[in-house]
Amino acid sequence: DTEVTQTPKHLVMGMTNKKSLKCEQHMGHRAMYWYKQKAKKPPELMFVYSYEKLSINESVPSRFSPECPNSSLLNLHLHALQPEDSALYLCASSRGTGSGANVLTFGAGSRLTVL
Amino acid sequence: GNSVTQMEGPVTLSEEAFLTINCTYTATGYPSLFWYVQYPGEGLQLLLKATKADDKGSNKGFEATYRKETTSFHLEKGSVQVSDSAVYFCALSAQYGQNFVFGPGTRLSVLP
């Protein structure tokens, strides 16, 4: 299995809703990532988990809350989002985070629209 | 800090034309270099990589050579197809630290 699976593919939510994005990989990777991608832009790093511990938070607003229940799963909990948070949210994983182990495998993304 | 610069395009070519997308980088030490491709409505897929100077990465007819003397990793393909239409991202993984740095992306359109 060489895939990163993200659900849902599309999500529409209001500004008062609470929703979650889910990501799963079964490649034995020990690092998992959340990226945000706006139209015609490269992905922007949000969070990195290494061995199930949060190792990087790129000053992301608290309305985004990541969770890594185990080494195969990564969630992104969403609450009180703003319309400008509408974007493609990409999950990625890698064997590790050191040089040589840091080849990212991406999921297909969850396209979020905040009304 | 580490950075990646690439031509932003859009690049429009006719089918069977030769493709070059330039990429240069700034990094300390010896980074690994990558090209990722993003087809419409999808996530990013690794296209090819090179981990040390003079390495050539290749896949699906695409090639790129890690040139440390010019800090470049230009993507080339001898004959593009309509199915190659996508956005191409050059990226580096720093020798030290966790960060993965992407270039701004180059949109390629191939016309029949």
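Residues numbered from 1 in each chain as written. Chains lettered and ligands numbered in written order. Predicted model: local features only at pLDDT ≥ 70, side-chain atom pairs only at ≥ 80, totals over all residues. Heavy atoms only, no water.

A few words on the state of the cysteines. Residue and element names in this part refer to chain A. Per the counting criterion, the structure on display carries two disulfides over all chains. Through a disulfide, Cys23 is tied to Cys91; the S-S separation comes to 1.9 Å. Every disulfide takes its handedness from the sign of the S-S torsion; for Cys23 and Cys91 that torsion is -70 degrees, giving left-handed. Taken together, the residues span a long stretch of sequence, with Cys23 in strand S3 (residues 18–25) and Cys91 in strand S9 (residues 87–94) at a distance of 68 residues. Each member of the pair, Cys23 as well as Cys91, is classed as buried. Free of any disulfide, Cys68 has its nearest neighbouring cysteine sulfur in Cys91, separated by 9.3 Å. Its relative accessible area of 13% is what places Cys68 among the buried residues. (Disulfide = S-S within 2.5 Å. Helix = DSSP H or I, 4+ residues; strand = E, 2+ residues; numbered from the N terminus. Buried < 20%, exposed > 50% of the residue type's maximum accessible area, 1.4 Å probe, protein only.)

With that out of the way, let us pick up the pattern of salt bridges. Residue and element names in this part refer to chain A. Under the defined criterion, the tally for this structure stands at five salt bridges over all chains. Between Arg30 and Glu52 there is a salt bridge, with the nearest N and O atoms lying 3.3 Å from each other. Within this pair, whereas Arg30 is found in the loop between S3 and strand S4 (31–37), its partner Glu52 is found in the loop between strand S5 (44–50) and strand S6 (53–57), the two being separated by 22 residues in sequence. Under the relative-accessibility criterion, Arg30 is labelled partly exposed at 29%. In this structure Glu52 comes out as partly exposed when scored by relative accessible area, which is 34%. (Salt bridge = Lys/Arg side-chain N within 4 Å of Asp/Glu carboxyl O.)

Residue and element names in this part refer to chain A. Read from one edge of the open sheet, four strands run S1-S3-S8-S7, paired in antiparallel fashion. Looking at which strands have only one partner, the edges of the open sheet turn out to be strand S1 (4–7) and strand S7 (64–70). Sheet twist, expressed as the mean angle between neighbouring strand axes with direction ignored, is 20 degrees. (Pairing = 2+ DSSP bridges. Axes fitted to C-alpha atoms, helices over the stretch in contact; angles between N-to-C directions.)

The subject of this paragraph is the environment of Gln37 of chain A. By the element assignment, Gln37 of chain A lies in strand S4. In the structure, Gln37 of chain A is positioned 52 residues away from Tyr89 of chain A in sequence and 6.2 Å away in space, judged by C-alpha atoms. In contact with Gln37 of chain A, other than residues within four places in its own chain, are Pro42, Pro43, Ala87, Leu88 and Leu90 of chain A together with Gln38, Leu44 and Phe89 of chain B. Polar side-chain contacts of Gln37 of chain A include one of 2.8 Å to the side chain of Gln38 of chain B. (Contact = heavy atoms within 4.5 Å. Polar contact = N/O pair within 3.5 Å; in protein donor to acceptor, adjacent residues only side chain to side chain.)

Computed from the structure, the largest pocket encloses a volume of approximately 510 Å³. In terms of lining, the largest pocket is formed by 26 residues, of which the most central are Ala39, Lys40 and Lys41 of chain A together with Val87 and Arg107 of chain B. Elements with a minimum of two residues in the lining of the largest pocket: strand S10 (86–93) and strand S12 (106–111) of chain B. Among the elements that take part in the lining of the largest pocket, S12 of chain B stands out by supplying four residues, more than any other. By residue class, the composition of the lining of the largest pocket is eleven nonpolar, eight polar and seven charged. Thr105, Phe106 and Gly107 of chain A together with Leu44 and Gln45 of chain B are the residues nearest the centre of the second largest pocket, which is lined by 14 residues in total. Residue assignment for the lining of the second largest pocket shows that the elements contributing at least two residues are strand S10 (105–106) of chain A together with strand S6 (44–50) of chain B. Here the element with the most residues in the lining of the second largest pocket is S6 of chain B; it accounts for three residues. Residues belonging to the lining of the second largest pocket are distributed by class as follows: seven nonpolar, five polar and two charged. (1 Å grid on protein atoms, 1.4 Å probe; cavity = no way out; pocket = protein on both sides within 12 Å on 5 of 7 lines; lining within 4 Å. Points joined across faces, edges and corners; volume = space filled by probe spheres on them. Nonpolar A, V, L, I, M, F, W, Y, C, P; charged D, E, K, R; others polar.)

Here we come to the interface of chain B and chain A. The interface is formed by 22 residues belonging to chain B together with 21 residues belonging to chain A. Together, the buried faces of chain B and chain A total about 1600 Å²; carbon and sulfur atoms form 52% of this surface. Summed over the shared surface of chain B and chain A, the number is zero salt bridges. Looking at the side of chain B that touches chain A element by element, the count peaks at four residues for strand S5 (residues 32–38) of chain B. Tallied by class, residues from the side of chain B that touches chain A come to nine nonpolar, ten polar and three charged. (Buried area = accessible area lost by both parts, 1.4 Å probe.)

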